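Fold and geometry: a report
The lines below spell out each chain.
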Amino acid sequence: MSDSSISRDAVYIDKSVHEIYKQLTEGNDPVSVPFRTMKDVFLMAASLGYQKGVRQPLTGKRELIFRWAQFSPQTDLPLLKALAISTTSNIEVLVSPEEIVSIAQEYANAGIHELRLQILEETGQPLLNIVQLLGMNYR
Amino acid sequence: MKLEWIELEGFRQYFSRQRLTFSKDADRRVTVIHGVNGAGKTSLFLALNWCLYGRIVDNITIIDNVGELVSKEAVARTPIGGKVQASVTVCFLHDGERYRIRRRVEVMKESAEIIVPTGYEIATMMRVQSDGQAIEVRNLIGMMNSILPANVRQYFLFDGEKIDNFAKPEAAAQVKQAIDLVLKLELLNRARYHLNLAATEYRKELKQKSSGELRKLIEQEEQARKVREDTQARIRELTDEIQSARLKIKDIDQKLDALPNAQALQKDRQRIERDLKQRGDEREKAVQYIRDLATTSHFILAQSAFAKALGVLDTKRERGEIPSSIRRQFVQDLLDEMKCICGRDIEAGSLEYQRLQQLMQKSISSKLENEVLDTTAALRVVVERVQPTLLDLRETMDQRVKLSEIIRDLEGEQSDVERQLKGSPLEEISRLEKNREEYRDDIERMTLEIGTCEGEVKSLNARIKNLEIEREKAEKAEARERLLSKKMEIAQRAADAIENAYQAHADDMRQRIEVKTKEIFKSLVWKESHFRDIQLGPDFNLEVIDRYGFRARPELSAGERQVLSLSFITAMSRVSGEEAPLVMDTPFGRLSSQPRDNITRYLPELTDQLILFVTDEELRGQSLENLKPRIGAEYRLEFNPDTSCTTIEEVK
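Residues numbered from 1 in each chain as written. Chains lettered and ligands numbered in written order. Predicted model: local features only at pLDDT ≥ 70, side-chain atom pairs only at ≥ 80, totals over all residues. Heavy atoms only, no water.

1. Considering the environment of B:Arg102
On the secondary structure map, B:Arg102 appears in strand 7 (residues 97–109). As for B:Arg102 and B:Ala123, which are separated by 21 residues in sequence, their C-alpha atoms are 5.4 Å apart. (Helix = DSSP H or I, 4+ residues; strand = E, 2+ residues; numbered from the N terminus.)

This is the structure we're talking about:
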């Protein structure tokens, strides 16, 4: 997908990390392939990116992975807004959905590599590695 | 085309304006222009050609190496630095329309001996309408090419001195070219050439583009589909085998159930298996729940973001900026009472008063205010979910661990039962249990293989999908190739068809011209009994066969060659049906009296309009008498040696 055709209500990732998203979502076994959707991978990657304090603008070819409408208003949108406000310290960002998504994309773009390391590269089953990531040790 | 008149002014030796009207009469179709050598016959012939076509047209040289066109007398009479013009006007009829072409050229007299062209040379063509109005024809060259093409002109307006060219032994190419041009076969030739060129280009392009890519992709896709079919068939086969093995196990279980020494152990096993199934389901359910909880609890990782964001939002609220309506009401109350909450009076115009006024004006948009309020509430809800979610996750994880332990214990019991049955002193029980174990191992092995096969099918599905996309792309490319191939085929077929049509038509024309040339030659030649035949073979050599059957062309006299060429030219004009005059400059110079008499007798019959530029020597006696009944106009070019100028005098 070229930059000239960027949709305002779409969420993009760098094409180079699309494979990681696939590894984490494509499979039937919940223990080895834990994520149900790419949206969940994206939000986990963005949260981890924020936690680690790493942001990486999208520079290469982009891939549209889902639309804004897929974010749930109960947990997903509050997370995106929390990331945006805490990053800019400015409440005006709340009326700019493009900026909110852009900030999340940048955290996810950096956080996805960390997520891959902690879930796929660590010893143990990927599902249990997520639980570990959330602060519990059951491995 | 039928010429009406020509007018010259300042053109070579025609210094003063001179006009000559050609005869158009059907009975008296001949115009004779007499002139001694140097009187201006060739200049007049030149003027006609130049006026109609210019100096060069479509890369065909009309006049070449003829010196200046302007009158020397006019130049002499012009002062140095002055300009001199030459002009020729020709009027003719064609297809019932009257046309007039006027061509002018200008030079400047640089010195007494030197004149230079000013670059001014212009021709205008007018068409005279039925009401007498003249309108300009914009495309003179195009119009003349449609009336009498420049490259065909030489066969109608020709120099008698060069007329014998067609009868020369090396003239085959010229004869062929003349036939092509006059009979308009050249058009077919060009069409064939261009279509062949197009077909070659298409072929080249096709060769570059055609890669066989589609065939390769189809083969790959077919292969992938075949492998997928085989794998799916293997899955079905394994499923059937598993089913069969399960039935066998069921059968064994029934047999064991019937044996008193195995009954107790069998019951234990059935209970263990029931428990294992139940606990397994519970653990599976727990795992699914953990999965859903863990993969959507990203907010737990981002707790610090929520805390910081809430801090930013709370600051706004603490400052009383949100909700703005509360602040506005509060400030408005202070301003209404003009009293601070501490009890002090607020003076109008004081700093406090001004600050309160500013606060009233400064407010955030209602959209943002709503967003802030909603977001604050939503963030708090999420934050409050962190601990319950973690607790929930922990409890489910503990449950999963506990279930795993139970399952492990049950599996231990199951192994123990199996061991006891296998080690039974009763051979039948031991044998049945061993068989049962084999079937169970088979089921396990086959279940694993099914998993592997399913994985393969999945990756094959992805591969087939990609191949389908690539194939569709290649199909589109091939559709373009097919179109190109079709174009090439059409171009080639058309070129071949035109080639055949050309050959057939050219051959037909050649034969008709041969017959006509023979007929004319026989009427013009004076040794009719000596020459038996004229041949124009497929090699386009114009041949004369004598009474002995020999080719007589090498032995022809210059006059006979001239007659042969004249016969050929007039034959062409007859066969072509082209409506054009025959204009001949000194046509009889090389002929002795006998052929001249013959030609003058028959030539007027061969064309609708005949214009002859002759010397008195070449047209006299019987020849002149022959022509006289057909002469409609006769002129004499009078050259004045004193002025070196010519005037055209009509012979009454």
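2. Some words on the confidence of the model for chain A
Mean pLDDT over chain A stands at 89; residues scoring 70 or higher make up 92%. Predicted confidence for residues 1–5 of chain A stays below pLDDT 50, and this span has six contacts to residues more than four positions away or in other chains. (pLDDT = per-residue confidence, 0-100. Contact = heavy atoms within 4.5 Å.)

3. With respect to the interface of chain A and chain B
Residue-level contacts link 39 residues of chain A with 41 residues of chain B. Carbon and sulfur atoms make up 70% of the area that chain A and chain B hide from each other, which totals about 3,600 Å². At the junction of chain A with chain B, the criterion picks out two salt bridges. Between A:Arg36 and B:Asp292 there is a salt bridge, with the nearest N and O atoms lying 2.7 Å from each other. Between the two partners, chain A and chain B, sit eight residue pairs in polar contact (both at pLDDT 80 or more). Secondary-structure elements contributing two or more residues to the side of chain A that touches chain B are helix 2 (38–52), helix 3 (76–88) and helix 5 (126–133) of chain A. If one sorts the elements of the side of chain A that touches chain B by residue count, helix 3 of chain A sits on top with eight residues. (Buried area = accessible area lost by both parts, 1.4 Å probe. Salt bridge = Lys/Arg side-chain N within 4 Å of Asp/Glu carboxyl O. Polar contact = N/O pair within 3.5 Å; in protein donor to acceptor, adjacent residues only side chain to side chain.)

4. Some remarks on the sheet that holds strand 16 (residues 645–650) of chain B
All names here are of chain B. In spatial order, the strands read 10-13-14-3-15-16; together these six strands make up an open sheet with mixed pairing. The sheet is open, and its two edges are formed by strand 10 (157–159) and strand 16, each paired on a single side. The sheet shows a mean angle of 15° between the axes of neighbouring strands, taken without regard to direction. In this sheet, strand 16 lies alongside strand 15 (residues 631–640) in antiparallel orientation, the contact comprising six bridges. Counted as the bridge partner of Arg636 is Glu649 from strand 16. (Pairing = 2+ DSSP bridges. Axes fitted to C-alpha atoms, helices over the stretch in contact; angles between N-to-C directions.)

5. Re the pattern of salt bridges
Residue and element names in this part refer to chain B. Counted under the stated rule, the structure contains 50 salt bridges over all chains. Ionic pairing is found between Arg234 and Glu449, a salt bridge with its closest N-O pair at 2.7 Å. Remark: Glu449 occurs in helix 14 (residues 427–524) and Arg234 occurs in helix 7 (residues 213–258); sequence separation between them is 215 residues. For Arg234, a relative accessible area of 25% translates into the label partly exposed. Glu475 is paired through a salt bridge with Arg471; the nearest N and O atoms lie 3.0 Å apart. (Buried < 20%, exposed > 50% of the residue type's maximum accessible area, 1.4 Å probe, protein only.)

6. So, the side chain of A:Lys81
Examined against the element boundaries, A:Lys81 turns out to sit in helix 3. With near-sequence residues (within four places) excluded, A:Lys81 lies in contact with A:Leu94, A:Ile100, B:Glu371 and B:Thr375.

7. A short note on the packing of helix 14 of chain B against helix 15 (residues 558–576) of chain B
All names here are of chain B. Orientation of helix 14 relative to helix 15, taken along the N-to-C sense of each, is 130°, at an axis distance of 8 Å. With respect to each other, helix 14 and helix 15 are oriented oblique. Helix 15 is crossed by helix 14, and the crossing has right-handed handedness. Contact residues: Met509, Arg512, Ile513, Lys516, Thr517, Ile520, Phe521 and Leu524 in helix 14; Glu560, Val563, Leu564, Leu566, Ser567, Phe568, Thr570, Ala571, Met572, Arg574 and Val575 in helix 15. (Parallel < 35°, antiparallel > 145°, perpendicular 65-115°, else oblique. Left-handed = near helix turned anticlockwise from the far one by under 90°.)

8. Quick word on the environment of B:Ala497
All names here are of chain B. Here Ala497 lies in helix 14. A relative accessible area of 45% means that Ala497 is categorised as partly exposed. Along the sequence, Ala497 and Arg192 sit 305 residues apart, while their C-alpha atoms lie 8.6 Å from each other.

9. Regarding unusual backbone geometry
In this structure, A:Ser89 is a non-glycine residue whose phi angle is positive, near 55°. Within the secondary structure, A:Ser89 is located in the loop between helix 3 and helix 4 (97–121). Classification of A:Ser89 as partly exposed rests on a relative accessible area of 44%. Unusually for a residue other than glycine, B:Ser644 sits at a positive phi of about 60°. Looking at the element boundaries, B:Ser644 is found in the loop between strand 15 and strand 16.

10. Here's the deal with the environment of B:Glu543
All names here are of chain B. Positionally, Glu543 belongs in strand 12 (residues 542–546). A relative accessible area of 8% places Glu543 in the buried class. Spatially, the C-alpha atoms of Glu543 and Asp533 are 8.2 Å apart, while their sequence positions differ by 10 residues. For Glu543, the residues in contact, after removing those within four places along its chain, are Asp533, Ile534, Gln535, Arg551 and Arg553.

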